[in-house]
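Structural features, examined
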Amino acid sequence: MMEFPDREFVSMPELPDVTVYVEAIEARIGGQPLSAYAILSPFILRTVEPPLDVLIGRTVTSVQRLGKRIVIGFDGDFFIVIHLMIAGRFRWIDTGARKKVPARIALAELEFTTGTLVLTEAGSKRRASLHVVRGRDALRQFDRGGLEVLNATIDQFAERLARENHTIKRSLTDPRLFSGVGNAYSDEILHRARLSPLKLTSRLTEDEIARLFHATRDTLVAWTEQLRAEAGGRFPEKVTAFREGMAVHGRYREPCPVCETPVQRIRYKDNETNYCARCQTEGRLLADRALSKLLRQDWPKTIEELEG
């Protein structure tokens with residue numbers, strides 16, 4: 001059999017990861033004044049008015065999630081809005097600690113009496129962003145309008161699915177439709193719901209919509225609780241899209257935990273979708289844009305052909 005080397009795929013932090021970040025950051029800087037800051041990369045700060053200087057001495061009044069963004073509120077109705085994108089992460093350094101963040105990945109530092117919150121980004125691409133805005137109206141520009149599934153009814157969920165006729169995978173990860181769900185957890189949601197990532201939303205039955213609704217909620221809640229437990233009150237240092245215990249995401253060729261069939265994948269640009277053919281597609285292999293085009297008539301159509 002011809003072998004194809006795996007490419008490395010990364011995903012931005014999603015609802016469970018961002019929620020745990022928010023809790024950890026709020027526990028450390030809530031009620032604390034910003035005493036100093038440092039912009040270490042010219043690309044990270046995307047606004048000039050109001051300037052960051054106006055936040056010096058102002059107290060943190062809130063830390064919240066807005067989609068996949070983290071919003072730090074200050075008195076005077078000022079907000080810092082941070083989007084980690086794919087490779088952005090946070091580090092926390094307690095006051096007096098000797099720990100340092102490598103200069104090559106540090107983008108910005110926010111210093112408080114309790115410690116320093118450092119925004120980092122691995123790799124050469126600088127996609128993470130930091131905005132400073134004043135007022136709720138200015139903050140709304142960052143709200144993509146996605147439904148918060150954990151606060152929604154099944155009817156609201158079904159209405160969002162019906163808005164546009166896309167594959168379920170695309171709809172789940174569209175921030176205009178659903179908030180905080182990305183590439184990694186959508187794979188886990190679809191596996192739990194026993195649905196193909198390429199099934200069109202217009203073809204979902206009532207039973208399938210119900211399965212998808214409950215799978216979305218259960219997956220996001222379960223992983224938030226697991227990440228919270230793993231952190232154990234410490235600042236989350238290892239935020240990744242690939243985690244032990246995931247059913248299919250990042251587990252290409254590994255056995256499905258339900259039926260032990262090797263997990264399959266679909267690759268497109270920088271994204272990879274993982275799924276179980278037996279659990280989700282009735283044994284059918286979904287066409288991979290790279291491999292199926294290369295192999296043409298030799299591309300196996302079912303898991304039985306692949307195993308044969």
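The model shown is predicted, which means the values in this text are computed figures rather than measured ones.

Quick notes on the sheet that holds strand β5 (residues 88-94)
- With antiparallel pairing, 4 strands are arranged side by side in an open sheet as β1-β6-β7-β5. The strands lining the two open edges of the sheet, one partner per strand, are β1 (34-39) and β5. Across the sheet, the axes of successive neighbouring strands diverge by a mean angle of 15 degrees, strand direction being ignored.
- As paired strands, β1 and strand β6 (residues 106-112) are joined by 5 bridges and run antiparallel to one another.

Details of the pairing of strand β2 (residues 60-66)
- Taken together, the 6 bridges between β2 and strand β3 (residues 69-74) define a ladder with antiparallel strand orientation. If you follow S62 over to β3, its bridge partner there is G73.
- Taken together, β2 and the strand that follows it, β3, pair antiparallel across an intervening segment of 2 residues, in which G67 is found at a positive phi of about 65 degrees.

Some words on the packing of aromatic side chains
- Counting across every chain of the model gives 5 aromatic pairs.
- Taken together, the ring pairs in this structure connect Y21, F90 and F235 into an aromatic cluster.
- Taking NZ or CZ as reference, R265 lies 3.9 Å from the ring centre of Y252, over its face.

Focus: the packing of helix α5 (residues 183-193) against helix α6 (residues 206-231)
- In contact at an axis separation of 8 Å, α5 and α6 are set at 125 degrees when each is read in the N-to-C sense. In terms of orientation, α5 and α6 fall into the oblique class. Crossing geometry of α5 relative to α6 is assigned as right-handed. For the pair α5 and α6, the contacting residues are Y185, E188, I189, L190, R192 and A193 in the first and R211, L212, A215, T216, D218, T219, L220, A222, W223 and L227 in the second.
- Its residues assigned to classes, the contact of α5 with α6 comprises 10 nonpolar, 2 polar and 4 charged.

Regarding empty space enclosed by the protein
- Enumeration over the complete set of coordinates arrives at 1 cavity of 30 Å³ or more.
- As for the largest cavity, its lining consists of S11, M12, P13, E14, D17, R89, A184, Y185, V239, T240 and A241.
- Residues that form the lining of the largest cavity fall into these classes: 6 nonpolar, 2 polar and 3 charged.

Some thoughts on the sheet that holds strand β8 (residues 129-134)
- Judged by pairing direction, the sheet is antiparallel, and its 4 strands sit side by side in the order β2-β3-β4-β8 without closing on themselves. Bordering the open sheet on either side are β2 and β8, each of which pairs with just one other strand. When the angles between neighbouring strand axes are averaged without regard to direction, this sheet yields 20 degrees.
- Examined bridge by bridge, β3 and strand β4 (residues 78-83) share 6 bridges and lie antiparallel to one another.

Side note on the confidence of the model for the protein chain
- Looking at the protein chain, pLDDT values average 90 and 90% of them are 70 or higher.
- Overall, residues 1-9 carries pLDDT values under 50, and its contacts beyond four positions in sequence, including any with other chains, amount to 20 contacts.

Some points on a nonpolar patch on the surface
- Residues Y37, I39 and I56 make up a contiguous nonpolar surface patch of about 220 Å² in total accessible area.
- With respect to the element layout, I56 can be found in the loop between β1 and β2.

The rules behind these values
Residues numbered from 1 in each chain as written. Predicted model: local features only at pLDDT ≥ 70, side-chain atom pairs only at ≥ 80, totals over all residues. Heavy atoms only, no water. Pairing = 2+ DSSP bridges. Helix = DSSP H or I, 4+ residues; strand = E, 2+ residues; numbered from the N terminus. Axes fitted to C-alpha atoms, helices over the stretch in contact; angles between N-to-C directions. Phe/Tyr/Trp six-rings, centres within 6.5 Å; stacked < 30°, edge-to-face > 60°. Lys NZ or Arg CZ within 6 Å of the ring centre and 35° of its normal. Parallel < 35°, antiparallel > 145°, perpendicular 65-115°, else oblique. Left-handed = near helix turned anticlockwise from the far one by under 90°. Contact = heavy atoms within 4.5 Å. Nonpolar A, V, L, I, M, F, W, Y, C, P; charged D, E, K, R; others polar. 1 Å grid on protein atoms, 1.4 Å probe; cavity = no way out; pocket = protein on both sides within 12 Å on 5 of 7 lines; lining within 4 Å. Points joined across faces, edges and corners; volume = space filled by probe spheres on them. pLDDT = per-residue confidence, 0-100. Patch = residues over 30% accessible without salt bridge, like charges linked within 9 Å, V, L, I, M, F, W, Y side chains within 5 Å. Areas by Shrake-Rupley, 256 points an atom, 1.4 Å probe, with all protein chains shown as cover. Salt bridge = Lys/Arg side-chain N within 4 Å of Asp/Glu carboxyl O.

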